[in-house]
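# Structural features, examined
Chain by chain, the residues:
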Amino acid sequence: MAGVLLSRFKGAAMGLALVGTVMLSPQSSGATAPYGMPNRVPSKPFLNMPRTIDGTLPKLLSQTGVFSDTPHLKVIAGLIPYELVVPFWSDGAQKSRWIALPAGKVKFSPTEEWQFPAGTIFIKTFELPTDARDPTVTRRLETRLLVRNANGGVYGVVYKWRADGSDADLLPGSKSEPIAVRDASGKTHEQTWYYPSRQDCMTCHNSRAGGVLGVKTRQMNRSIRYPSGISDNELRAWNHLGLFEPKLDESKIGDFLTLAASDDESRSISDRARSYLDANCSQCHRPHGTVANFDARYETAPDEQAIVDGPVLIDQGIDHPRVVSPHDIWRSIAYMRVDTNGDIRMPPIARETIDEKGVALLGAWIESLPGREVLAPPLISPAGGSFTTSVAVTLEEAEPGANLHYTLDGSVPGPSDPLYTKPITLSGPTVLRARAYKDGFTRSITTQEVFIVGK
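Just so we're clear, the structure is a prediction, and the values are computed from it rather than from any experiment.

### So, the overall build of the protein chain
When helices and strands are tallied, the protein chain shows seven helices and 24 strands. Residues counted as buried form 50% of the 455 residues belonging to the protein chain. Per element, the accessible surface of the protein chain, about 20,600 Å² overall, is 52% carbon and sulfur. If the 49 positive side-chain charges of the protein chain are averaged to one point and the 50 negative ones to another, these points end up 6 Å apart.

Structural data, given as structure tokens:
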């Protein structure tokens, strides 16, 4: 396979067809056979992976037993492709997913996490679009395996693809790599890709979340389409293969919760935003999870989630902060943390870029919540820093007629502090803080810059 630029899902070479959002085998003895499988084909438990993380791990992806043709991602017989309603944000990467399920049943729950037999393996390959002018041009980066171990838990490993696409090597720990990406104008920039360590995997795939993320009712209750054009439901397909215990009463599938895709405008903005938080945050933000107070699981009633107007433990120096402050993105800590790549970013690992569409969705939801109009924080120009001579600083506010009050000693500006009317000349070290006020509006949060002026 020449070069590092690969087209995703080369169906002829893989023996698979991309139909809707699920890859389905074109070979089938019946037009409605789930995934082209008239009967279930159990996988060998663990394939070639050890029963626990302490065993001997295959050094190459081709040695794991997952693929019959590794360079072309052709999986062995019996592996089941699947997709999710709302995937976890992974820096814009495209993902292909399969499950190797040994003999035994998946313990089904309409709302809680499913339980899988020991030796089940989840396979996920990541390919990053590298040319905005042609979304089919991708670079294959890694394949992750999540193994349900012999002790009831899980372990995860990462295989990094070689530049020629011939195979992938087991990584002993985390790694960062700059990837060349072209924008719509053809200009090239570097995007950092983070390969997680085995310890990183366990941060999210923790016991509180059941170890396995995503493969659950509200993510799998979705439409799929067979090559014949016949539509089906992914839960029903698994049920027809006899994977569930207990077997589903298919008349009830329509009653099960399903997440709302971010672009599904047939669902409310609240449903879509809460679904996004479920997919990206609920593995930790749930009862007995991380120290934060809120519950991001979609199945939890909105008034019991402690998200909207929910208190926070770390206020980030903002007055009246909330997990989500109604109609106020500036005091919404969840929004702030999703909209940054800084130290406070969420999720905290395996993310190097901001999900701009996700941020826009959360922002639109927050703005849709009832509340007073809120003033944006004033813009301070130039930004703080070191200056050899005095500097003239201006304040700007988007809302016409707002009053800008400021302080030069680091204290919080109030209505009685100086009113900004002209550029402020600074000739020595200064902590400049500013806040906007206007009748009928919620005051802005405080913004600040630190200036070091002089030798």
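There is more to say after this.
### Section: the environment of Leu248
Position of Leu248 among the secondary structure elements: in the loop between strand 17 (244-245) and helix 5 (269-281). In this structure Leu248 comes out as buried when scored by relative accessible area, which is 10%. Along the chain, Leu248 and Trp238 lie ten residues apart, while their C-alpha atoms are 9.5 Å from each other.

### Side note on the sheet that holds strand 22 (residues 424-426)
Pairing within the open sheet is antiparallel, and its three strands lie in the order 18-20-22. The strands lining the two open edges of the sheet, one partner per strand, are strand 18 (379-381) and strand 22. Pairs of neighbouring strands in the sheet enclose a mean axial angle of 30°, with direction left out of account. In the sheet, strand 18 pairs with strand 20 (residues 391-396) via three bridges, with the strands oriented antiparallel. Within the sheet, the bridge partner assigned to Ser381 lies in strand 20 and is Thr394.

### What to know about the nonpolar core
Core analysis: the largest hydrophobic core is formed by 28 residues, its most contacted members being Trp114, Phe116, Val215, Leu235 and Trp238. At three residues, helix 4 (residues 234-240) tops the list of elements feeding residues into this core.

### Points about the environment of Ala103
Relative to the helices and strands, Ala103 resides in the loop between strand 7 (94-100) and strand 8 (106-107). With ten residues separating them in the primary sequence, Ala103 and Ala93 have C-alpha atoms 32 Å apart. In this view, Ala103 contacts Arg40, Pro42, Ser43 and Pro117; residues no more than four positions away in its chain are not counted.

Procedures and definitions
- Residues numbered from 1 in each chain as written.
- Predicted model: local features only at pLDDT ≥ 70, side-chain atom pairs only at ≥ 80, totals over all residues.
- Heavy atoms only, no water.
- Helix = DSSP H or I, 4+ residues; strand = E, 2+ residues; numbered from the N terminus.
- Buried < 20%, exposed > 50% of the residue type's maximum accessible area, 1.4 Å probe, protein only.
- Areas by Shrake-Rupley, 256 points an atom, 1.4 Å probe, with all protein chains shown as cover.
- Lys, Arg positive; Asp, Glu negative; His and termini not counted.
- Charge placed at Lys NZ, Arg CZ, Asp CG, Glu CD.
- Pairing = 2+ DSSP bridges.
- Axes fitted to C-alpha atoms, helices over the stretch in contact; angles between N-to-C directions.
- Core = buried A, V, L, I, M, F, W, Y, C linked by side-chain atoms within 4.5 Å.
- Contact = heavy atoms within 4.5 Å.

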